[in-house]
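# Breakdown of the fold
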Amino acid sequence: MSKIHYMKVLLGTSSPQLGARVAKSLGLGILDCEYKKFPDGEFYVRIRAENDDVIVVQSLRSNDDVVVLNLIFDALEDCNITAVIPYFGYARQDKKFQEGESVSIRALARFVEGYADRVISVNLHSEESKRYFNKLKEIDAMPIIGKWLKNNFDDFVLISPDYGSYERVRTSAKYASCEFDYLEKKRISAEKVEITPKEVDVRDKVVIILDDIISTGGTIVTAGKILQEMGAKEVYAVCVHAVFANFALNKLYQSGIREVVSTDTIEKITSKISVAEEIAREIAKKE
Ligand code: R5P
């Protein structure tokens, strides 16, 4: 059957809300798709793609998401694919730390670019990761986070929990028109970090910690405790990618964080800031 020339959006299993928002923002229809999981854990995907241009929206926050994306790509044979991967997992392993290791993000980049004509993602975890892509357009969520904070908080200080996120926080602070600084962080193990305070005057202030990812929550819990000990009036946490491994959200609230807010790159209860408009704008750009 020959395909008709128009674009539709395919909602991946991990990004139905964001996918629908992107479709709405572009005025596009949503593709008819069936997902099933067999009793043994295997997935089944069936897509009725009568058109030839498809925007697939699927975050890769779990191994299941990767398998489903593989099946989606296979079902969409003969289509032009724009792969929107709002959260691109596996970006921590961005080089060989020891001989014989796989470079995970390179493997995933090859997989996605093997099928997709365009790839769009939001704040990849490392600069290093980007060199494994040829078709990637990266969106920076920091401006919209800054604008959202400006509209929802009065008189606050934006803090990066480490120097690695300092530039990101600087960008958000520009849009939020607020003070900003960073804390120095030493990672002891995968789950434990030690933070030494810098010269930040947080006494009696509302402090918002901003990071790209909250995974185990260890970084924010430790930073939050230090900021509370330094006399911060209220401490909030904001991130782009709400991975929330190992009951991180429970740990964050138990540690005294007032509220946790994230974008919808990973769809969670905390996803109050949407990156849909930014993604739609990138898709609409002429190559
Ligand atoms: C570190 O490089 C990142 O910016 C985050 O600080 C880190 O990934 C957060 O991980 P966790 O929540 O496990 O401390």
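Just so it is clear, the model here is predicted, and its values are computed rather than measured. (Residues numbered from 1 in each chain as written. Predicted model: local features only at pLDDT ≥ 70, side-chain atom pairs only at ≥ 80, totals over all residues. Heavy atoms only, no water.)

### So, the overall build of the protein chain
Under the convention used in this document: The secondary structure listing takes helices from DSSP runs of H or I that are at least 4 residues long and strands from runs of E that are at least 2 residues long, numbered from the N terminus. For a compact globule the rule gives 2.2 Å times the number of residues to the power 0.38, and the radius of gyration it is set against comes from C-alpha atoms. Exposure is judged per residue with a 1.4 Å probe applied to protein chains only, and the accessible area is read against the type maximum: over 50% gives exposed, under 20% gives buried, and values in between give partly exposed. Whether two residues are in contact is decided by their heavy atoms, any of which lying within 4.5 Å being enough. A 1.4 Å probe and the Shrake-Rupley method give the accessible areas. Residues count as covered only by the protein chains that appear here.
Assigned secondary structure in the protein chain consists of eight helices and 16 strands. On C-alpha atoms alone, the protein chain measures out to a radius of gyration of 20 Å, which is about the 19 Å that the 2.2 N^0.38 rule sets for 287 residues. Counting only C-alpha atoms, the protein chain reaches 65 × 45 × 35 Å along its principal axes. A burial count over the protein chain gives 52% of its 287 residues as buried. In the protein chain, once contacts between residues fewer than 6 apart in sequence are set aside, the share between residues at least 24 apart is 64%. When the accessible surface of the protein chain is totalled, it reaches about 14100 Å², and 46% of it is carbon and sulfur.

### A few points about the site of the ligand
The test is simple: Any residue with at least one heavy atom within 4 Å of a molecule or strand is counted as near it. For the purposes of these results, a polar contact is taken to be a pair of N or O atoms within 3.5 Å, where, inside protein, one atom must be able to donate a hydrogen and its partner to accept one; residues adjacent in sequence count only when each atom of the pair is a side-chain atom. Under this grouping Gly is polar, as are all residues other than the nonpolar Ala, Val, Leu, Ile, Met, Phe, Trp, Tyr, Cys and Pro and the charged Asp, Glu, Lys and Arg.
Residues in close proximity to the ligand total 15 residues, the closest being Arg92, Asp211, Asp212, Thr216 and Thr219. Glycine 217 is positioned such that a nitrogen or oxygen atom in its backbone is 2.8 Å from an oxygen atom of the ligand. Of all the elements in the fold, those that place two or more residues in the shell around the ligand are strand E11 (184-187), strand E13 (206-214) and helix H6 (218-229). Ranked by residue count, the leading element in the shell around the ligand is E13, at four residues. Of the residues that constitute the shell around the ligand, the class distribution is two nonpolar, seven polar and six charged.

### Points about the environment of glutamate 278
Mapped onto the fold, glutamate 278 is located in helix H8 (residues 276-284). Assessed through its relative accessible area of 14%, glutamate 278 is described here as buried. Between the C-alpha atom of glutamate 278 and that of isoleucine 139, which follows or precedes it by 139 residues, the distance is 7.1 Å. When neighbours within four sequence positions are excluded, glutamate 278 is seen to be in contact with Ile139 and Ile144.

### Some words on the side chain of threonine 265
As for its position among the elements, threonine 265 is in the loop between strand E15 (260-263) and strand E16 (271-273). Within the local environment of threonine 265, its side chain forms a polar contact with the side chain of histidine 241, the two groups lying 2.8 Å apart. If we skip the residues at most four places from it in the chain, threonine 265 touches Leu18, Ser59, Pro86, Tyr87, Val122, Val240, His241 and Val275.

### Side note on the nonpolar core
Note the following rule: Buried Ala, Val, Leu, Ile, Met, Phe, Trp, Tyr and Cys residues that are joined via side-chain atoms within 4.5 Å together make up what is termed a nonpolar core.
The biggest cluster of nonpolar side chains holds 36 residues, and the ones touching the most others in it are Ile145, Leu149, Phe156, Leu158 and Ile279. Considering each element in turn, this core owes the most residues, five residues, to helix H4 (residues 142-152). For isoleucine 145, the contacting residues outside a window of four places in its chain are Ser172, Leu210, Val238, Cys239, Val240, Thr263 and Ile273.

### Quick look at empty space enclosed by the protein
As a reminder, the rule being used: Buriedness for pockets is judged along seven lines, at least five of which must meet protein on both sides within 12 Å for an open set on the 1 Å grid over protein atoms alone, while cavities are sets there where a 1.4 Å probe fits but cannot get out, and lining residues have an atom within 4 Å of a point. Grid points are joined across faces, edges and corners, and a volume is the space filled by probe spheres set on the points.
By the definition in use, this model includes one cavity of 30 Å³ or more. Considered as a void within the structure, the largest cavity measures approximately 30 Å³ in volume. Along its surface, the largest cavity is lined by Tyr87, Phe88, Val122, Asn123, Leu124, His125, Ile213 and His241. The residue inventory of the lining of the largest cavity, partitioned by class, reads five nonpolar, three polar and no charged.

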